[in-house]
Amino acid sequence: MTTQSRYPYQLKLYDPNDSDFTVHCRFNDPLFPEDDLIVSTCQGYLCFTSWAIKPDPRGKYLIGQFEFSLPYLKWLLGVIARFKLTPDQGGYPPGTMYDIVQLDKENEVYVFRGAHHGNHGLMRYRLENRKRRSYVNPIVQQEFELYDVYLDTHGLMQVLLDIQRQYEDGQI
């Protein structure tokens, strides 16, 4: 099986000079201070991009990019909300650690909720798009670690809610 047949879909790489990308949020990553986290939209997709502040020895800035079409954002926000609720409040049953949805053939989004033991046990949502290959390592799928600190301390949850509202209002 070739890489292309396993992960056939690509958007395009984030470029700060590309007018197709609208940046909604950019902040220095508190867990990886040599990187910035950029949240943007492009051609109907939501993108999380890890971007090096200084280029690597090859002159590259991109560390990773995760993307999915905007209709998935409402689902992701619902998943995050359900993980914060108890089962009797409408949350997931005890022991549930993931959810997955495929709304179209180009995206299959998987979310795992748990601690990242390599990063001091910090809680996070591990996102995977199982239909899109990584730009950094093309033999694997796109993935992204969405830490609680991003959502809470850096206001990323409000940014995502604003993007969802703009999408529903037809502004994106």
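Let me sum up the structure you'll find in this document. (Residues numbered from 1 in each chain as written. Predicted model: local features only at pLDDT ≥ 70, side-chain atom pairs only at ≥ 80, totals over all residues. Heavy atoms only, no water.)

**What about the packing of aromatic side chains?**
Inclusion rule: Centres within 6.5 Å are what make two rings of Phe, Tyr or Trp a pair, Trp counting through its six-membered ring; a difference in plane orientation under 30 degrees is then read as stacked, over 60 as edge-to-face, and the rest as tilted. The rule is simple: take the accessible area with a 1.4 Å probe, protein chains only, and divide by the maximum for that residue type; under 20% is buried, over 50% is exposed, in between is partly exposed. Our definition puts a charge over a ring when NZ of Lys or CZ of Arg is within 6 Å of the ring centre and also within 35 degrees of the ring normal.
What the rule picks out here adds up to 11 aromatic pairs. Note on tyrosine 14 and phenylalanine 21: the rings are 5.3 Å apart at their centroids and 80 degrees apart in plane angle, and the pair reads as edge-to-face. By the burial criterion, tyrosine 14 is buried, and phenylalanine 21 matches it. Aromatic pair phenylalanine 68 and tyrosine 72: ring centres 6.1 Å apart, planes at 65 degrees, arrangement edge-to-face. Residue tyrosine 72 is classed as buried on the basis of its relative accessible area of 1%. Among the aromatic side chains, those forming a connected cluster through ring pairs are Phe48, Phe66, Phe68, Tyr72 and Phe144. Note that arginine 82 overlies the ring of tyrosine 92, its terminal NZ or CZ placed 4.0 Å from the centroid. Its end group placed over the ring of tyrosine 110, arginine 130 keeps NZ or CZ at 4.1 Å from the ring centre.

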